[in-house]
Amino acid sequence: MQDVLAMTYYWLKAGHVIFVIFWMAGLFMLPRLFVYHQESAPDSPDQALWVDRERKLLRIILNPSMIVVWLLGLALAVSTGAFTQGWLHAKLLLVLVLSGYHGYLAGYARKLARGERPLAGRTLRLLNEVPGVAAALIVVLVVVKPF
Ligand code: HEM
């Protein structure tokens, strides 16, 4: 029984890390697509292609990955009893920031699809710092568990 529980923990963790990679890859990629999108001529066939690519990235990679990361992360927290530990509280706060960032990008994709282009290309490039910094802090919290 002990072996089964231990194996379940390792499989949950493997699945969790795999979908974290998919989610983060999508979060890094989407603002990049926005930059190329904004360089296309308004109302051109090229712009319609970018709208389609952004929608597919959100629907096929980003949204399902975020859901699976949350589900497996919460299952891991239950299986390890980590809910009382400080590092998990800090991690959850950062994951909420990442999830909010994900929602913001999904909203921005809808604005682009309507023909709006509210942010400059430089700002979109800078936005990529958000998932980078959050992921670095999350990995330190979960591996070092400083508190
Ligand atoms: C969505 C909410 C999340 C919850 C509830 C959660 C929870 C957990 C828990 C409980 C563990 C097991 C820790 C242990 O074995 O001691 C874990 C492992 C891990 N998590 Fe998450 N996590 C979440 C999201 C994320 C995100 C967004 C990232 C990265 C950006 C991430 C990266 C990792 C990594 C790299 C590990 C493996 C650490 C190791 O044991 O070597 N997690 N997570």
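Along each chain, residues carry numbers from 1 onward, in the same order as the chain's sequence is written. Given that this is a predicted model, residues contribute local features only at a pLDDT of at least 70 and side-chain atom pairs are listed and counted only at 80 or more, while totals for whole chains, interfaces and linings are drawn from all residues. Note that water and hydrogens are dropped before the side-chain values are worked out from all heavy atoms of the structure.

Draft legend 1. Summary view of the coordination of the iron atom of the ligand. Note on donors: an N, O or S atom is included if it sits within 2.8 Å of the metal, or within 3.2 Å for Na, K and Ca, and water is never included, so sites can look incomplete. The coordination sphere of the iron atom of the ligand, as far as protein atoms go, consists of H16 (NE2) and K91 (NZ), spread over 1.8 to 2.1 Å. Only two sets of limits are used to name each site, 85 to 135 degrees for every angle of a tetrahedral four-donor site, and over 155 degrees for opposite donors with all other angles from 65 to 115 for a square planar four-donor or octahedral six-donor site, with any other site named irregular. Coordination at the iron atom of the ligand is octahedral: its six donor atoms span angles of 86 to 177° at the metal. Here the residue H16 occupies a position in helix α1 (residues 2-39), and K91 occupies one in helix α3 (residues 86-113), the gap between them amounting to 75 residues. Residue H16 shares its accessibility class with K91, and that shared class is buried. Put simply, DSSP H or I for four residues or longer makes a helix, DSSP E for two residues or longer makes a strand, and each gets a number counted from the N terminus. In this scheme, a residue with accessible area under 20% of its type's maximum is buried, one over 50% is exposed, and one in between is partly exposed, where area comes from a 1.4 Å probe on protein chains only.

Draft legend 2. Quick peek at the packing of aromatic side chains. Whether two aromatic rings pair depends on their centres lying within 6.5 Å, for rings of Phe, Tyr and Trp, where Trp uses its six-membered ring; planes under 30 degrees apart make the pair stacked, over 60 edge-to-face, and the rest tilted. Per the stated rule, a full pass over the model turns up five aromatic pairs. Ring geometry for Y36 against W50: centres 5.7 Å apart, planes inclined by 35°, an arrangement best described as tilted. Of this pair, Y36 sits in helix α1 while W50 is found in helix α2 (residues 45-80), placing the two residues 14 residues apart along the sequence. For W50, a relative accessible area of 14% corresponds to the buried category. Among the aromatic residues, those joined into a ring-pair cluster are F34, Y104 and Y108.

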